[in-house]
Structures are given as C-alpha cells and as structure tokens.
Amino acid sequence: MGCRGSGLLAAPHRDYCVLGAGPAGLQMAAFLQRAGRDYAVFERASAPGSFFTRYPRHRKLISINKQYTGKANAEFNLRHDWNSLLSHDPQLLFRHYSRAYFPDAGDMVRYLGDFARRLGLHVLYNTTITHVTLDKDPQAWNGHRFVLTDHKGQVYQCSVLLVATGLSVPTLIDFPGSEHVEGYESVSVDPEDFVGQSVLILGRGNSAFETAENIMGVTNFIHMLSRSRVRLSWSTHYVGDVRAINNGLLDTYQLKSLDGLLEADLKDLALVKDSKGKFHVTLKFFLGETNASWSADSVRLPEDDSDNFAMRVGYDRVIRCLGWKFNFSIFDQSLRLSSENEFNKKYPLIKASYESKGSRGLFVLGTASHSVDYRKSAGGFIHGFRYTVRAVHRLLEHRHHGVTWPTTEHPITQLTSSIIRRVNEASGLYQMFSVLADIILLKENATTFEHLEEFPMQMLAQLEPLTGRTAQHGLFVISMEYGKNFSGPGKDVFFYERSVGHTEDAWLSNFLHPVIYYYKQLPTEQEVRFRSPHWPLPRPTAIHHIVEDFLTDWTAPVGHILPLRRFLENCLDTDLRNFYAESCFRFALTRQKLPPFCQQGYLQMQGLAITESLQQHGVESKLLQNYAAATENSSQRTSDRALAPGPRAQSLDSDKEEL
C-alpha cells in the first residue's frame, strides 16, 4: 500500500497496525485475518481484554446475554446477544461462556482470550506503545507513514493505523478539596468498608449507580450529585444511560428512604473537612482567597445562609464516578486527533467513516469512536461497534485492495421480499439504528437491483467512491429508527395509546421501526451536511415508514408487506407482484407496459400452460379458434366428416410457441 521512505528502513513494517486487543481490536483483526492481510495487533497486557480484568469494578456486565429467542436464525439471535464478536466459528458465541443474562466480566476475559486463540490472530502481547507519530513519505498512498514506538524503544511502521484503545482515562474534575475524593477506579468494592457511613457520589451514570447499588444496604445514606438530571435507558432508548439493573437508588430516593439525587455544577463547588473528619460541600465562591484545606469550622457554608440547605450534613466518603475519556497522551500533535472543544477532549476527532479528520489512514474503532453516534445509537458498545468495525474493514478493502463492497443482485420482483427479510433479521440495522443502513441500488430500467448492507448513512454522498458501486438509476435506503418524539425530559414513555397500529399513521410510530428513503439520485455532500434538524438523511424523493410492531416482526401481509409493496411500486412506476402465466397473457393483450415478473418470466418463454379459462379468453379475443364449437359441429356433419372450406387452424403447441 505504498513504499517505505529511507529514514526508518530497519523498522518492521505492516500494512495495518491495530492498537489494543480489546473487543474492537480483535474484531478488526479477525476481518483482516480472514481477508489474508498483513497486520499486527499491539497489546500492553499479557492477554486480550485487559480492561475487563478490572472493570466494571463490581464485575457484573450490563450487556445482555439472551440465551433463547425462539428463533433458529443466527443473524436474528445476534440482535439479543450483546457480547459476541462476529466470526464464522459457531463456538465463538458468548452464550457458550455464560448462561447469566448479565454475565460476569471474567467471562468476557475468557471469551476474548479464546476468540484470539481460536482464530489465530496476530497479537503482540506485553507491548506498550508509548508514542505514535507521522513520518513524511511522498511515495506512500497518503503521503505519510505511521510510526509507533513501544516501551522498549522498538519502532514499528504501518500504512494504516487502527486505534482501538477504548476510553481508559478517568474523567477528573478540579475544584477546591478534590484531593479528598476517591475515584471509581480505586475505591474499595467491599461493602464492609462502608458500614454505618454517609457517602456522597459525584456522577449519575452507570458507574455511579453500580457503586451505590453495591453499598446501599450498609450505609447511613447515599447522596448522588451531578450537573444534570439522571437519564434512564428505558426512557431514552440509549444503552449508555442508567440501566434498570443498577437503579435501586432511585427507589430508595423516591420512597423516602434517606438516599437522594441532587443536581449542581461540580465546578462551582468546594469540599472542606471539619475537625471530626467529615466532608462538607460548600460553594467555591464562599472560599474567596482562603485555603480550601482549612477546617470547615472556619469556612462559610451554604447552611449558614440557608439552614435547610439540602447538603448540610457531613459525609464520611466522597466518591468520583464521572466516566472515562480517550488517552491522547501517546499521540503526537501532528496527528491532530483532539481539539479544545470539551466534547473532543473525551473522544478523538473523526468523520462519519470513522477516519480521523486530521490524519488520512488513521481510523478509530470501538468505544472511542462513539462520537459519531453519541447518545443516538449503540456505537460505543460491543453489540454496535462490531458492525461499524466491519464497515471500516469493507471501506479499507475497497480503498487498498480493490475489493468492492459486497452486494447481492436480484430481479426487481424480489425487492419487497429482500427488504422484509432484512428488517426482520438483520442485527446491524437493528443495533446501529439511524447510523448504518442497507442501500438498494437500482440498475438500468429498474429490472434488477443490488443490495448493499450496513453502510454508514452519513457517508451516503460518497457511496460510489467508498464502495466501488454505482448509483446512477436511483436508490432506496433502509434504516431502523425511533420516532421523533420517543423520549425526552419530562416525557412519559408509558403513556396510553403510545403505540401506533394503523398503517396510515405509521409515520407517527414511536418505537423502533423500519424507514425506507427513495432517492432518484445520490444526495450531494452539501445536502447531507445541511439536512433538516433531527433527520438522519436529506429530504428524499419519497419516504415510507413500516408501522411499529410490538413483536418487532414486520411480516403481516396487510399491515406491513402490502403498504411497502405499494410504496415501492409508486416509486418505480411498476407492478412488483408475481403472476400466473395466464395473467401475464392477459396483460400482454391489454397493457402497454407489462409487470417485471411477466417480462422476466412469461415473455422469455418460461411457461404458459393452456387452461380452460385461458382458452376461453383467447377465443373471446378472436386470437384462438373455438375448437370446442368446431368439434360439436363436426359431429353433426355427414359421415365423411369433412371440414368446411377455409384456412387451417394452427395447433395449440404452435400457438404456445408463438406466444
């Protein structure tokens, strides 16, 4: 993929370097391995999945491991398996490693180890990459090579860098007294260490609630403080928000059992310690120029002005649970992975194709790529990024090896069934809703189509150069989406009549449902960039919502399939139904334009068996002789049975051949 420059000829070179042997790194390695590419994975620990050897601290994963769905379809079952990576080995499904619905983190470590071993992935363990930079190379495909240096000073080079290091740096907050705060990454997980204590937790995510759940049975009370209100995943449909398995503190708060939640900007606060070793919350403003380490007895507290201040009690422990951010420290500034934007201090700067905005050839995978769909979809979690990693691999296969994006070609009469199959089975569309979409590329005269699976929707304008496929004759985009008003602050997601059942109201569906966009031509990059707010794509020529379904089973002939077929027919100005040959024969007599099924079958002499009704229709149309009448008349003639003078009628066989 490009020649090496003269400066680092002795350094080992790989076409692909993968940083990190966590789930995303191993997933990419599996695709590269299967494609026979030159790659290496660099892992600082002695085995894969080192993050899961420590986190979550209380060892219970919140990624579901559903053992039974009632279905034998492997693709469908992946919709409800949030831990397995993609491979062709049926033994590498997570259900073989745990039967627990919420499995132990140790099971994930075992699974990732077996995944790497069974597939023979090329992983360099105990190799800590300490610095990554660029080396200019005019002969390289992108004008540079990536240079990696490990903890022993060994240098490696690669043409493409795939960063799968996750979010590993605890998010800190600097305020007076923050030195007294214990971090989620180091605080004790033994409930006995909290017996009879009063605890303040900073944060309101899953790590905060997980910590509270572990100790709430032994503490005096737990207060949870964060800058914004708590978000519940069952309300927002975002898996990164607080999950029900951890939200026991909400019960004890709302049922007035001493625990509670409060909102405040942590940057405005300060923490001071009194003579008894208790910690008190005050405002940074009250400290003035004083030293924040002074005793609370000499510092002004909010309760001095308001004696019913909610946090006027003292706390024995203060625990920080503010999540994680990307480790930028090993990446040279020349890579331009970060900016001063607060959000981009948590995640690297990347495009919707997962390629760095600042360095061509550098891709970010896995949890660290979640900026593309943060709070919108599941790209920060295994059940989401296993599909975005596959999308990146397909982009690389076309860019560097000339392998076009995989498609299947079908006659246009199979368009409806092809869409119905995918929306009922596909896991990538289901988990990466509003992010990955199937693309239907229409061929000339719309007689056939190509079905391209799980393409990044925001890159639609660049579909042709990224995939090697053409979209000259129109296209359909199939995605899964929630309704525009499915959640939000103050909304009741359990309101009466929350579901839509009538097909004419399908566009009002609130729950996850298929949406089909039709474009006569590819949208431009400008149209994608300046699309309407809250729309995943630019305004299409036509759009169709398949009405939401309680069973997520869109196979109802009248409720789901018929409206979809009619929509497709209106877009294509044709009839997509299948017909018996008799009907095709009648259409040939009465229509200027035949349905595609008749064009592809009947008119290509693929069958027309004579039937009584078809013969009668031919006689009435004066295209066939009435043989029955002729036979009846001949029986009444003289014994010589001679036919009346006139032209000889053609045989049925010759008629069939002519038709």
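If you're wondering where the values come from, they're calculated on a predicted model, not measured in any experiment.

Trainee: For this particular structure, what's the right way to read the overall build of the chain?
Mentor: Looking only at helices and strands, the chain features 18 helices and 22 strands. Scored against the burial criterion, the 659 residues of the chain give a buried share of 50%. In the chain, once contacts between residues fewer than 6 apart in sequence are set aside, the share between residues at least 24 apart is 65%. Taken as a whole, the chain presents about 32,300 Å² of accessible surface, with 50% of it coming from carbon and sulfur.

Trainee: Would you explain a positive patch on the surface in this entry?
Mentor: Together, Arg227, Arg229, Arg231, Lys267, Lys284 and Lys345 make up a region of like positive charge exposed at the surface. Residue placement: Lys345 occurs in the loop between strand 15 (324-325) and strand 16 (362-364). For Lys345, a relative accessible area of 35% corresponds to the partly exposed category.

Trainee: It is not clear to me how the environment of Thr171 should be interpreted in this structure. Could you clarify?
Mentor: Residue position: Thr171 is located in the loop between strand 7 (169-170) and strand 8 (182-183). The spatial distance from the C-alpha of Thr171 to the C-alpha of Gly323 is 5.6 Å, given a sequence separation of 152 residues. Those residues in contact with Thr171 that sit more than four places away from it in its chain are Arg320, Leu322, Gly323, Trp324 and Lys325.

Trainee: Help me understand the state of the cysteines in this model?
Mentor: Put plainly, two cysteines are in a disulfide when a covalent bond ties their sulfur atoms together. On inspection of all chains with the given rule, the structure shows 1 disulfide. Between Cys584 and Cys598 runs a disulfide, and the two sulfur atoms are separated by 2.0 Å. Taking the torsion about the sulfur-sulfur bond, which here is approximately -80 degrees, the covalent link between Cys584 and Cys598 counts as left-handed. Of this pair, Cys584 sits in helix 14 (residues 581-590) while Cys598 sits in helix 15 (residues 596-600), and the two are 14 residues apart along the sequence.

Trainee: Can you help me understand the packing of helix 9 (residues 415-425) against helix 13 (residues 557-572) in this one?
Mentor: When two helices pack together, their arrangement is given by the angle between their axes and by how far apart the axes lie. Direction vectors running N to C along helix 9 and helix 13 enclose 130 degrees, while the axes themselves pass 10 Å from each other. Accordingly, the angle class assigned to the pair helix 9 and helix 13 is oblique. Crossing angle aside, the handedness with which helix 9 passes helix 13 is right-handed. Contacts between helix 9 and helix 13 involve Leu415, Thr416, Ile419 and Ile420 from the first element and Ile561, Leu564, Arg565, Leu568 and Leu572 from the second. Here the contact of helix 9 with helix 13 is composed, by residue class, of 7 nonpolar, 1 polar and 1 charged.

Rules used throughout
- Residues numbered from 1 in each chain as written.
- Predicted model: local features only at pLDDT ≥ 70, side-chain atom pairs only at ≥ 80, totals over all residues.
- Heavy atoms only, no water.
- Helix = DSSP H or I, 4+ residues; strand = E, 2+ residues; numbered from the N terminus.
- Buried < 20%, exposed > 50% of the residue type's maximum accessible area, 1.4 Å probe, protein only.
- Contact = heavy atoms within 4.5 Å.
- Areas by Shrake-Rupley, 256 points an atom, 1.4 Å probe, with all protein chains shown as cover.
- Patch = residues over 30% accessible without salt bridge, like charges linked within 9 Å, V, L, I, M, F, W, Y side chains within 5 Å.
- Salt bridge = Lys/Arg side-chain N within 4 Å of Asp/Glu carboxyl O.
- Lys, Arg positive; Asp, Glu negative; His and termini not counted.
- Charge placed at Lys NZ, Arg CZ, Asp CG, Glu CD.
- Disulfide = S-S within 2.5 Å.
- Axes fitted to C-alpha atoms, helices over the stretch in contact; angles between N-to-C directions.
- Parallel < 35°, antiparallel > 145°, perpendicular 65-115°, else oblique.
- Left-handed = near helix turned anticlockwise from the far one by under 90°.
- Nonpolar A, V, L, I, M, F, W, Y, C, P; charged D, E, K, R; others polar.

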